[in-house]
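# Understanding the architecture of this molecule
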Amino acid sequence: MTDAVFTPKATSGAPARRDIGLKRRYAAERRFRIYGMIAIGIGIFFLCALFLSVVSKGYTAFWQTTIEIPVLLDEKVIDPSNERATNPNVLITANYPLLVRNALADKLGVEKSNRPAMRDMTRFYSDGVRLQLREMVMADPKLIGTTQTVKFLAAADMDSANKGQIDLTVDQSKRKVSDLQVGWMKTLKDEGVMRQSFNTGLFTMGASSRPETSGLGVALIGSLYMMLIVLVFALPIGVAASIYLEEYARKNRFTDIIEVNINNLAAVPSIVFGLLGLAVFINFFGMPRSASLVGGLVLTLMTLPTIIIATRAALRAVPPSIRAAALGLGASKTQVVFHHVLPLAAPGILTGTIIGLAQALGETAPLLLIGMVAFVANAPVTPMDPATALPVQIFMWANEAERAFVERTSGAIIVLLLFLAVMNIVAIILRRRFERRW
């Protein structure tokens with residue numbers, strides 16, 4: 001009797017199950033990729049929508065409507081009693097806008113006895129001509145009695161109408177620009193007297209209650225002072241603290257607590273640093289409110305954790321073999337750190353510093369608490385003078401009721417975004433230029 005040979009049954013279902021499992025894994029991978037692409041697409045969509053919304057409302061702020069006509073510096077208006085030799089204040093208090101109104105009336109053929117038309121004429125040009133003509137006359141009093149070609153700003157409503165931001169088809173009772181003013185505007189545009197030019201005042205003028213004479217000059221200087229203060233204080237302190245913690249400090253419970261607190265400080269809301277600055281720098285040390293120095297110190301406290309974390313990461317990225325080689329050649333610990341480790345970590349430190357400065361440049365909440373919302377018309381000369389900052393200026397313009405401040409707000413946002421973009425691009429370029437791969 002022969003022994004039966006056992007042959008296992010062929011499990012034809014096992015390969016099929018493996019194929020099904022592979023198909024499911026591949027399908028899950030495809031779904032994950034699709035989800036990622038959808039998430040990226042949603043983010044890009046909202047980013048583009050935000051950018052287009054800001055640009056569409058703010059690009060007109062870089063252009064301003066101006067009027068250029070001959071203006072008679074009439075002595076009867078500026079100095080009717082001929083007192084300027086003994087009383088220089090006469091040139092300060094003169095009614096300079098009246099000179100522009102009379103010049104416009106002559107240009108447009110409007111009778112000066114027509115009071116309603118003259119009232120509309122007063123609202124046709126900016127009251128900033130008062131300061132403009134005053135400075136011209138006080139710089140050279142010999143101009144009194146002569147006719148000078150003067151280029152001045154149109155009023156905010158006329159500027160908006162000229163840019164197409166006011167619907168002129170509705171009844172004039174429902175808009176701020178009258179039909180008479182619209183007719184004057186067309187006449188002056190046809191003659192080439194009224195035109196749009198690049199708005200340099202947006203970058204040079206200070207705060208003003210009139211939109212057409214408001215600018216970012218004070219905010220730009222204030223932001224520059226604050227960034228310099230942050231750079232001077234935060235960079236050396238942050239780098240020194242990082243070197244000590246990473247290269248010299250022993251790993252124990254005390255240093256662990258310090259590391260945890262540094263990481264927690266990086267996540268603290270910025271308004272908390274504003275409260276700290278208000279309590280310490282203003283209430284305790286008595287520093288002036290609205291000063292760039294106080295704002296810079298507050299932003300320094302806020303930026304320090306970011307710089308420390310970035311610097312420590314850059315120091316850790318340097319291979320230990322470099323430290324060991326330097327020590328083996330007889331270098332001291334300090335020489336190893338400052339001659340070998342720190343230069344190699346410099347690109348990462350520089351990148352972290354620039355990113356920290358960019359973050360500080362866009363902060364508003366801590367600056368509001370230390371009083372940098374003051375109405376500052378004159379540019380600060382020193383960091384101790386009253387000033388404001390770019391994000392704070394945006395905040396103040398956004399709260400104004402005038403229509404023309406809407407484009408000013410969006411224009412200032414564009415300027416701020418450009419600064420932030422440039423700083424981040426510089427950080428990326430520096431990292432790629434100097435970064436070493438080990």
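Residues numbered from 1 in each chain as written. Predicted model: local features only at pLDDT ≥ 70, side-chain atom pairs only at ≥ 80, totals over all residues. Heavy atoms only, no water.

### Quick look at the overall build of the protein chain
Secondary structure summary: the protein chain contains 18 helices and three strands in total. Here the C-alpha radius of gyration of the protein chain, 33 Å, is well above what a compact globule of 438 residues would show, namely 22 Å. By principal-axis analysis of the C-alpha atoms, the protein chain measures approximately 140 × 70 × 40 Å. Put simply, the protein chain has 438 residues, and 42% of those count as buried. When contacts within the protein chain are restricted to residue pairs at least 6 apart in sequence, long-range pairs at least 24 apart make up 76% of them. Of the accessible surface of the protein chain, which amounts to about 24,700 Å², a share of 63% is contributed by carbon and sulfur atoms. In the protein chain, 45 positive and 32 negative side-chain charges are present, and the distance between their average locations comes to 13 Å. (Helix = DSSP H or I, 4+ residues; strand = E, 2+ residues; numbered from the N terminus. Rg over C-alpha atoms; globule rule 2.2 N^0.38 Å. Buried < 20%, exposed > 50% of the residue type's maximum accessible area, 1.4 Å probe, protein only. Contact = heavy atoms within 4.5 Å. Areas by Shrake-Rupley, 256 points an atom, 1.4 Å probe, with all protein chains shown as cover. Lys, Arg positive; Asp, Glu negative; His and termini not counted. Charge placed at Lys NZ, Arg CZ, Asp CG, Glu CD.)

### Digging into the UniProt feature "transmembrane region" (unreviewed entry) in the protein chain
Mapped onto this numbering, the UniProt entry annotates "transmembrane region" (unreviewed entry) at residues 32-55, 224-245, 265-285, 291-315, 336-358 and 411-430. Secondary structure content for residues 224-245 is 100% helix and 0% strand, while the C-alpha to C-alpha distance between its ends is 31 Å. Taken end to end, residues 411-430 comprises 100% helix and 0% strand; its first and last C-alpha atoms sit 29 Å apart. (UniProt positions renumbered as here; feature names shortened; annotations may be inferred.)

### Quick word on helix H14 (residues 320-328)
By the burial criterion, the buried members of H14 are Ile-322, Arg-323 and Ala-326. Projection of H14 onto a plane perpendicular to its axis shows the buried side chains occupying an angular sector of 100°, all on one side. Along H14, the residues that are exposed and aim more than 90 degrees away from the buried face are Pro-320, Ser-321 and Gly-328. Directly beyond the C-terminal end of H14, a positive phi value near 100° is found at Gly-330. (Arc of directions from axis to C-beta.)

### Some points on the sheet that holds strand E3 (residues 194-198)
Sheet architecture is open: three strands sit in the order E2-E1-E3, paired in antiparallel fashion. Looking at which strands have only one partner, the edges of the open sheet turn out to be strand E2 (147-153) and E3. Going from strand to strand, the sheet's axes swing by 35° on average, the running direction of each strand aside. With five bridges joining them, strand E1 (residues 63-72) and E3 adopt antiparallel strand pairing. Bridge assignment links Thr-66 to a residue of E3, and that residue is Arg-195. Helix H4 (residues 96-108) rests against E1 and E2 of the sheet, and its axis sits at about 85° to E1. (Pairing = 2+ DSSP bridges. Axes fitted to C-alpha atoms, helices over the stretch in contact; angles between N-to-C directions.)

### Observations concerning the pairing of E1
Examined bridge by bridge, E1 and E2 share seven bridges and lie antiparallel to one another. If you follow Leu-72 over to E2, its bridge partner there is Thr-147.

### Considerations on the side chain of Arg-312
Looking at the secondary structure, you find Arg-312 in helix H13 (residues 292-316). In terms of polar contacts, Arg-312 uses its side chain to reach the side chain of Glu-246, at 2.9 Å. Side chain to side chain, Arg-312 and Glu-259 meet in a polar contact 2.8 Å long. With residues near it in sequence (within four places) discarded, Arg-312 still touches Ser-242, Leu-245, Glu-246, Lys-251 and Glu-259. (Polar contact = N/O pair within 3.5 Å; in protein donor to acceptor, adjacent residues only side chain to side chain.)

### Digging into the pattern of salt bridges
Charged atoms that come close allow side chains of opposite charge to pair. The final tally for this structure, using the stated rule, is 18 salt bridges. Between Asp-120 and Arg-123 there is a salt bridge whose closest N-O contact spans 2.4 Å. Among the residues examined, Asp-120 registers a relative accessible area of 11% and is labelled buried. On the basis of relative accessible area, Arg-123 is assigned to the partly exposed category, the value being 48%. Through salt bridges with shared partners, a single network forms among Glu-246, Lys-251, Glu-259, Arg-312 and Arg-316. (Salt bridge = Lys/Arg side-chain N within 4 Å of Asp/Glu carboxyl O.)

### So, the UniProt feature "domain: ABC transmembrane type-1" (unreviewed entry) in the protein chain
Following the UniProt record, one finds the feature "domain: ABC transmembrane type-1" (unreviewed entry) at residues 220-427. Between the C-alpha atoms that bound residues 220-427 there is a distance of 21 Å. The span itself is 76% helix and 0% strand.

### A closer look at the domain arrangement of the protein chain
Taken domain by domain, the protein chain comprises domain 1 (62-198) and domain 2 (216-434). Here domain 1 and domain 2 have C-alpha centroids that lie 46 Å from each other. When domain 1 packs against domain 2, close to 610 Å² is buried across both sides, 44% of that on carbon and sulfur atoms. On the surface where domain 1 and domain 2 come into contact, there are two salt bridges. For Glu-402, the salt bridge identified is with Lys-176, shortest N-O distance 3.8 Å. Run the count over domain 1 and domain 2 and you get four residue pairs in polar contact (both at pLDDT 80 or more). The biggest single contributor to the side of domain 1 that touches domain 2 is helix H7 (residues 156-162), with three residues. Residues belonging to the side of domain 1 that touches domain 2 are distributed by class as follows: three nonpolar, three polar and three charged. (Domains from an automatic or database assignment. Buried area = accessible area lost by both parts, 1.4 Å probe. Nonpolar A, V, L, I, M, F, W, Y, C, P; charged D, E, K, R; others polar.)

### Examining the packing of helix H5 (residues 115-122) against helix H8 (residues 179-190)
Look at H5 against H8: their axes get within 10 Å of each other, and the N-to-C directions meet at 65°. When you trace H5 past H8, the crossing you get is right-handed. Two secondary-structure elements touch here, H5 through Ala-117, Asp-120 and Met-121 and H8 through Leu-180, Gln-181 and Trp-184. Each residue belonging to the contact of H5 with H8 can be placed in one class, and the counts come to four nonpolar, one polar and one charged. (Left-handed = near helix turned anticlockwise from the far one by under 90°.)

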